[in-house]
Amino acid sequence: MFEFVYTIKDPVGIHARPAGLLSKEGRKYKSAITVEKDGNAVNVLKLMALMKLGVKCGETVTVRVEGEDEAVAGPAMQAFFSANL
Amino acid sequence: MMTIQGKGVSAGIGMGPLYFFRRAAAEAPCYTVQDAQAEWQRFKDAQAMAVEQLGDLAEKARAEAGDDAAFLFETHQMMAEDMDYEEAIEGVIREELLNAETAVSRACDQFVEMFASMDDSYMQARAADIRDVSRRILSILCGTVQGSIASDVPVLLAADDLAPSETIQLDKSKILGFITAGGSGSSHTAILARTMGIPAIVGVGDALRMEYEGRSVIVDGSTGAVFIDPDEDTTRRMTQRREEQVARQKMLETLKGQENVTRDGRSIRVYCNIGAPEDVDAVLANDGGGIGLFRSEFLYLNAETYPTEDEQFEAYKAVLTRMDGREVIIRTCDIGADKQIDYFDLPREENPAMGMRALRISLSRPDFFRTQLRALYRASAYGKLGIMFPMVTSVWEVREAKKLIERVKAELTQEGVPFSEHVQIGIMIETPAAAVMSDVLAREVDFFSCGTNDLTQYTLACDRQNNDLDRFYDPHHPAVLRLIRMVVENAHKNGIWVGVCGELGADLSMAETFLSIGVDELSVTPRAVLPLRRTIREANLIGKAQEILAALDRGTV
């Protein structure tokens, strides 16, 4: 399992647009990718659940990537977060 | 002829037959099914078709209104395919053996409620998106077509309200104008209408009846008037106004992207005055160079109690983000005088214009002021912010306000909250005292902004609210103009800039005077930007500037 902690820098937090981008990105990999905030973990493929987390700018989330392509998907997701969120 | 009054949200005049937007039946049938697998497949097919339609809409939106509009439909696509949404639907079909329509309706309600219960107004508004997506799937399931315009000639489109997907998929070449019973200036219909330059009137209520369908109608998007079966005189008047508007708009459009510079090369910045975050649309549409006055009062006026730091922060941030690096000057709370608020609990005054108002309240209630300053500094990380204090009369007031700012900055630094180190601090010059002391005040701040309405009222001792004083309340009075000239000279001696943000700034007959005096910026209502730009670009002040200044010296302006 690949895991990293990330503090959201996007001023709007994980709103519809960033959540949509994240969901799209997640579809590229076979691994299960989850975002956890305050003990609630959500699969990034679930757009509405992701939005429901209501992650705001400055809040910290834990991202977990687990599956056969995690060695590629993990660092890729980390780069994606840095670039987009 | 019959006249209905609504709220004009997109200017222009539209004439044509009235046509009511038709929507698929909202009531979905409910029945039990034998073969759950087949029913599930029925849903999957409808879902696939919805996703395909949304993809087409996204492309259409991209071409008509840009990437942001397209993304809305891409988000709808993802919502339609959302796993939790699907799961909720599958549960109803397989476990309760109910039809797909019922399953979709129930899932829709469930997710609408989920979004509506979030403590974030942005997320609450997403409930409308899930409703829109569900309605699309439902109409595919029911075999009804989504609303369209079955008319060969262009029409004035009437509806209770229009969802974004409905507005975007309409054939724009068939729409002469929008009239909706509900909606507001910031509804999707209004925004889209303004973007596309189609007249729109919202909030006409139940005065608009289905039985008017097909009747000849004229709408005036600037006044909000809807004329049904207009008489000859109205038709003639409106036709003439439309021709004038079209010609004028065409001319103004050519000014977008042009500089505000006179023929003899004097330039001036033209910014906008706004009163709420949604006014940024108009600033961008009219090519405003920045925001010279963002009145923060809306936050206080639209509330039951003091707005929190986060609420203020979100509003300021939204404006700064959307202005994308262009200057935004936010005026701190200017409550008092003609703007009274119950929860402020201000004592009744004989003469509120000269009483406890604006910066005086802020300095008397440091905790209240601190909340606003913290929100402003937090927002400063998202753009180019200027902060300005209203109703200054003494140098000590400015120093005290600046001291509070230093404290807020120290707090934020300690908390590790990011903010900009380049926030400009300015004051409104709206009292004769501030104008007379402007040489000293100029050493304390980065800019001045002359509020001509109050400056006129206080200089001429004329109550703005008293209509009988009209003849005496003269904003062109040489006393007012001399004060502004003095302020500009004192500012420039100290290397700071001066704007004019009162109504006088948009007075086209004054543009040459302000240019001659050397005013650096005019902040005006968004729709005045392009007319003002035209006046500036047509001006040639060689020789004329001296004349204007000499007239000011003689006092004969």
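In case you missed it, the structure is sitting above this.
Computed from a predicted model, the values in this text were never measured in an experiment.

A. Up close: the overall build of chain B. Along chain B, the regular secondary structure elements total 22 helices and 16 strands. For chain B, the proportion of its 557 residues judged to be buried stands at 43%.

B. Region of interest: the interface of chain B and chain A. Contacts between the two partners involve 19 residues from chain B, matched on the other side by 14 residues from chain A. Among the secondary structure elements, those contributing two or more residues to the side of chain B that touches chain A are α2 (67-80), α3 (83-96), α4 (100-116), α5 (121-125) and α12 (309-323) of chain B. Ranked by residue count, the leading element in the side of chain B that touches chain A is α2 of chain B, at 5 residues. When grouped by side-chain class, the residues that make up the side of chain B that touches chain A number 11 nonpolar, 2 polar and 6 charged.

C. Structural detail: the sheet that holds strand β2 (residues 32-37) of chain A. Residue and element names in this part refer to chain A. Strand order in the open sheet formed by 4 strands is β1-β4-β2-β3, and the pairing between neighbours is antiparallel. Only two strands of the sheet have a single neighbouring strand rather than two, namely β1 (2-7) and β3 (40-43). When the angles between neighbouring strand axes are averaged without regard to direction, this sheet yields 25°. As paired elements, β2 and β3 share 4 bridges and run antiparallel to each other. Bridge pairing links Thr34 to Asn43 in β3. Seen against the sheet, helix α3 (residues 70-84) touches β1, β2 and β4 (60-66) and runs at an angle of roughly 155° to β4.

D. Just helix α1 (residues 16-26) of chain A, in detail. For α1 of chain A, the set of buried residues is Ala16, Ala19, Gly20, Leu22, Ser23 and Gly26 of chain A. Along α1 of chain A, the residues classed as buried sweep out an arc of 165° about the axis, all on the same side. Buried residues in α1 of chain A make contact with β2 and α2 (47-52) of chain A together with α2 of chain B.

Definitions and limits used
Residues numbered from 1 in each chain as written. Chains lettered and ligands numbered in written order. Predicted model: local features only at pLDDT ≥ 70, side-chain atom pairs only at ≥ 80, totals over all residues. Helix = DSSP H or I, 4+ residues; strand = E, 2+ residues; numbered from the N terminus. Buried ≥ 20, exposed ≤ 12 C-beta atoms within 10 Å, placed from the backbone. Contact = placed C-beta atoms within 7 Å. Nonpolar A, V, L, I, M, F, W, Y, C, P; charged D, E, K, R; others polar. Pairing = 2+ DSSP bridges. Axes fitted to C-alpha atoms, helices over the stretch in contact; angles between N-to-C directions. Arc of directions from axis to C-beta.

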